[in-house]
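# Understanding the architecture of this molecule
Here is how the chains run, residue by residue.
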Amino acid sequence: MADEKKIGVYICSGLEIGDAIDCGALAEKVKEDSEVFLCKVNKDLCTKAGDDDIRKDIEIEGLTGVVIAASS
């Protein structure tokens, strides 16, 4: 279907975020309560490796949008 939305959600657990909240539990809740295609926790979203992971998912999985939950 051409109008199918495939949203990827990326939750950062780096910079002590993972110490403050249970990122794994949050990811599971997102998967249960929403229609996102995938949801991942990554401690390195602000690095080139984190950026590469998102880009890889966009290419391989055909994501049509992403949501990044991280520090500013």
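Refer to the preceding data block for the structure.
Below: a short report on this structure. From a predicted model like this one, the values you see are computed outputs, not experimental measurements. (Residues numbered from 1 in each chain as written. Predicted model: local features only at pLDDT ≥ 70, side-chain atom pairs only at ≥ 80, totals over all residues. Heavy atoms only, no water.)

The next subject is the pattern of salt bridges. Counted under the stated rule, the structure contains six salt bridges. Across the pair Lys-40 and Asp-57 runs a salt bridge whose closest N-O atoms are separated by 2.8 Å. Separated by 17 residues along the polypeptide, Lys-40 in strand β2 (residues 38-42) and Asp-57 in helix α3 (residues 48-61) bring together distant segments of the chain. The salt bridge involving Arg-55 is made with Asp-51; its shortest N-O contact spans 2.8 Å. Residue Arg-55 and its partner Asp-51 are both found in helix α3; the two are separated by four residues, about one turn of the helix. Its relative accessible area of 54% is what places Arg-55 among the exposed residues. (Salt bridge = Lys/Arg side-chain N within 4 Å of Asp/Glu carboxyl O. Helix = DSSP H or I, 4+ residues; strand = E, 2+ residues; numbered from the N terminus. Buried < 20%, exposed > 50% of the residue type's maximum accessible area, 1.4 Å probe, protein only.)

The next thing to look at is the sheet that holds strand β1 (residues 7-12). Pairing within the open sheet is parallel, and its three strands lie in the order β2-β1-β3. Both outer strands of the open sheet, β2 and β3 (65-69), are each paired with one neighbouring strand and no more. The average undirected angle you get between the axes of adjacent strands in this sheet is 20 degrees. By the bridge criterion, five bridges tie β1 to β3 in an arrangement that is parallel. (Pairing = 2+ DSSP bridges. Axes fitted to C-alpha atoms, helices over the stretch in contact; angles between N-to-C directions.)

Let us look at the state of the cysteines. Taken as a whole, this structure holds zero disulfides when the rule is applied. Distance from the sulfur of Cys-39, which forms no disulfide, to the nearest cysteine sulfur (Cys-23) is 9.9 Å. Judged by relative accessible area, Cys-39 falls into the buried class, the value being 6%. (Disulfide = S-S within 2.5 Å.)

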